[in-house]
Amino acid sequence: MSVVALVVAAGSGTRFGGPIPKPLVELGGRAVVAVAVDSLAAGGCEAVTVLVSPGMREAFAEALAESPIPVTPVEGGRTRQESVFRGLE
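Residues numbered from 1 in each chain as written. Predicted model: local features only at pLDDT ≥ 70, side-chain atom pairs only at ≥ 80, totals over all residues. Heavy atoms only, no water.

Novice: Break down the pairing of strand 5 (residues 71-75) for me, with residues and values.
Specialist: Bridge count for strand 4 (residues 47-52) against strand 5 is five bridges, and the pairing is parallel. Each residue of the ladder has a partner; that of threonine 49, found in strand 5, is threonine 72. With helix 2 (residues 57-63) bridging strand 4 and the parallel strand 5, this β-α-β connection has right-handed handedness. (Pairing = 2+ DSSP bridges. Helix = DSSP H or I, 4+ residues; strand = E, 2+ residues; numbered from the N terminus. Right-handed = clockwise from strand over helix to strand, strands pointing away.)

Okay, here's the thing in structure tokens:
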């Protein structure tokens, strides 16, 4: 059986503030989203789809370039529900 994950990281981050989306903020020299994907890989996950903010696909791809497992960035929607639906497609 394969284990895959869906990481919902397409929010606007307005409560967080700052010049970049929260998942791209560095934590210990790595983007938060990369730390999350690394943790999933360490737990046996074999692939991840990451929902990203509109227009941020390249920035997320760069942050996840060194991932130990395949990562597919998918642009999220206007709402969390729409984003998750896009990721599941």
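Novice: Describe the nonpolar core, and please don't skip the residues or the numbers.
Specialist: Core analysis: the largest hydrophobic core is formed by 16 residues, its most contacted members being Val33, Val48, Val50 and Phe60. Taken together, the elements giving at least two residues each to this core come down to strand 1 (4-9), helix 1 (32-42) and strand 4. Broken down by element, the residue count for this core peaks at four residues, all from helix 1. Not counting residues up to four positions away in its chain, the partners in contact with valine 33 are Val7, Ala9, Pro23, Leu24, Val50, Phe60 and Leu64. (Core = buried A, V, L, I, M, F, W, Y, C linked by side-chain atoms within 4.5 Å. Buried < 20%, exposed > 50% of the residue type's maximum accessible area, 1.4 Å probe, protein only. Contact = heavy atoms within 4.5 Å.)

Geometry only, nothing functional implied.
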